Amino acid sequence: MKKLLSLLLALVMVFALAACGKDTPTTQGGEDDPLNRNPGTTQSTPPAGSSSTTGNGNVSFEDIMNGSLPTDIIFGNMDEAAKQQIIADAAREGCTVTFDADGTMTVVSPDGFVTVQHPDGSWTYKDNEGGEGQMGGSWPNNEFTQLVPKPDMDIQYAGEDEGEFVVTFAGATLVQIKAYADKLRSVGFTLNEEVEEQEAMGTAFYSFSACNADGYLVELMYTAEISVLTIGVAEQPEDPGDSDDPDQPSGANFPAIPFEHETVGAMDNYLAFRSYTATVEQVRAFVQTLRDVGYTLNVEEQNQELMGYVIYSFSAYNAGGYMVSVFFNSGSTTISLTYEGAVPEDPTPQWPAGLPVYQGGKGTDPREDSVAIYGTTWDEMLAYIELLKQNGFSFMDFYNSGLTEEQMLSSLQQWCGTNGTIYITVGYGYGDLGLGYGEGGIVTILIYLQKPGTEW
């Protein structure tokens, strides 16, 4: 999914509105940034006594664009002297400002970027390539929004970019987002459905994606009170050939699924199945069958047990360009088969050469210069240190900490060593390299090809 990309795009657009031809705004504004308004509090008429009605001349163009003014100001309602001051300030920045009789203010930058504040306080923009967007305001009407129900949530940002339409909602709750996912289903977004819901460290995460019969894709995300809706066209690689049996597409060499399941997606190049009855043992046995029939290229496999939940995943290609993906999460199994047309270069990091493989833990994340092992124990780490010693490694205090091997283990829960070529540190519970599994039960191995020079 491109949920995260959609979110970042929306945030980028917020700050792009303040650019006005500059590569970088002088400031990014704060809670009162007029380009980051809460539509629920927009006032069409400024309060009595505000600078928008007194026109005292202290409101500059820079104040407007860097977001240092109160959000209830309608600049088009200011007196003529204040407007002329803004126009003059903008001209010195290379921008053109015009005011309409209805209270609209339009700003045009030298590169053709157009920013508009409307009489209701909402903001819209248009770039020189035809891209359009809005901050706040009402639900837009276009070819994308006509595909989905009108949401009962305040709009923070809405705009089109590269064939997708992105909407972020202000102050939406998880209950509202789930209810809107049901509305999307009710209008036909039921194919290739994927739903995730988790809670970690008190933060809820929810995502929904699905296609309709016309090939449009919606993606809905909620996390940390940020909500994003993306509407676009689902990517469809070239059809490799027809098949009468959706469980056995031609050329895929895809084995029959040996447990109860249902087809939840069937497109020209894509099949998806779901089971709520399969056990993790049955899923792993099916994965072995997939290996036996040729799904052995670019293999990615993970076994995890997190907060009492068993999570297992497997993905691989066969030589014909088909990719299979299997995901089990505590009683729910999703299987997908996609025709990619070619086998991509294997990006999967391998266990570092020259190091014995760690024995223990529930999963690993090998990288070029480090390895993280999660779900492991202190005793397993000590056993691995002994395995290192059996493979030519010996303790070396190359950080010059002044600690003996025993002192380093007892006080820092860390061990340093080398075999003369590779220098490594093995540490317990002091970091997870961004895996997000928490610090307990994590062993991290850092690898250096030359002796580190850092002192403690």
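Note: the structure precedes this text.
Reading the values: rules and limits
Residues numbered from 1 in each chain as written. Predicted model: local features only at pLDDT ≥ 70, side-chain atom pairs only at ≥ 80, totals over all residues. Heavy atoms only, no water. Pairing = 2+ DSSP bridges. Helix = DSSP H or I, 4+ residues; strand = E, 2+ residues; numbered from the N terminus. Phe/Tyr/Trp six-rings, centres within 6.5 Å; stacked < 30°, edge-to-face > 60°. Buried < 20%, exposed > 50% of the residue type's maximum accessible area, 1.4 Å probe, protein only. Arc of directions from axis to C-beta. Contact = heavy atoms within 4.5 Å. Salt bridge = Lys/Arg side-chain N within 4 Å of Asp/Glu carboxyl O. Expected span 1.5 Å × (residues − 1).

Caption draft 1: Structural view of the sheet that holds strand E23 (residues 442–448). Strands sit in the order E18-E19-E23-E22-E21-E20 across an open sheet of six strands; the sheet is antiparallel. Of all the strands in the sheet, the pair left with one neighbour each is strand E18 (363–366) and strand E20 (394–395). As paired strands, E20 and strand E21 (residues 414–418) are joined by two bridges and run antiparallel to one another. In the strand pairing of E21, Phe-395 is matched with Gly-417.

Caption draft 2: Molecular detail of the packing of aromatic side chains. One pass over the structure, following the stated rule, counts 14 aromatic pairs. Centroid distance Phe-254 to Phe-273: 6.1 Å. Interplanar angle 10°. Geometry classified as stacked. Taken together, the positions of Phe-254 in the loop between strand E11 (226–233) and strand E12 (262–266) and Phe-273 in strand E13 (residues 270–275) put the pair 19 residues apart, joining distant regions of the chain. Members of the aromatic cluster, joined through ring pairs, are Phe-254, Phe-259, Phe-273 and Phe-286.

Caption draft 3: Representation of helix H8 (residues 405–412) in the model. Taken together, the buried positions of H8 are Glu-405, Met-408 and Leu-409. The buried residues of H8 occupy an angular sector of 95° when projected down its axis, which confines them to one face. In H8, the exposed positions that point more than 90 degrees away from the buried face belong to Glu-406 and Ser-410. Tucked inside the fold, the buried residues of H8 contact helix H7 (378–390), E20 and E21. Backbone geometry just downstream of H8 places Gln-413 in the positive-phi region, at approximately 55°.

Caption draft 4: Quick peek at the pattern of salt bridges. Counting across every chain of the model gives seven salt bridges. Asp-89 is the partner of Arg-92 in a salt bridge, and the nearest nitrogen-oxygen pair spans 2.2 Å. Here Arg-92 pairs with Asp-89, and both are found in helix H4 (residues 80–92), just three residues apart, close to one helical turn. On the basis of relative accessible area, Arg-92 is assigned to the exposed category, the value being 61%. For Glu-405, the salt bridge is made with Lys-389, and the minimal N-O distance between the two is 2.7 Å. Here Glu-405, found in helix H8, pairs with Lys-389, found in helix H7; they are 16 residues apart in sequence, far enough to count as distant.

Caption draft 5: Quick look at H7. The terminal C-alpha atoms of H7 lie 19 Å apart, and with 13 residues this matches the ideal 18 Å at 1.5 Å per residue to within 8%. Taken together, the buried positions of H7 are occupied by Met-381, Tyr-384, Ile-385 and Leu-388. One side of H7 carries all its buried residues, which in axial view fall inside an arc of 105°. Opposite the buried face of H7, by more than 90 degrees, sit the exposed residues Asp-379 and Gln-390. Where the residues of H7 are buried, they touch H8, E21, strand E22 (423–428) and E23. In the stretch just after H7, Gly-392 is the one whose phi turns positive, near 95°.

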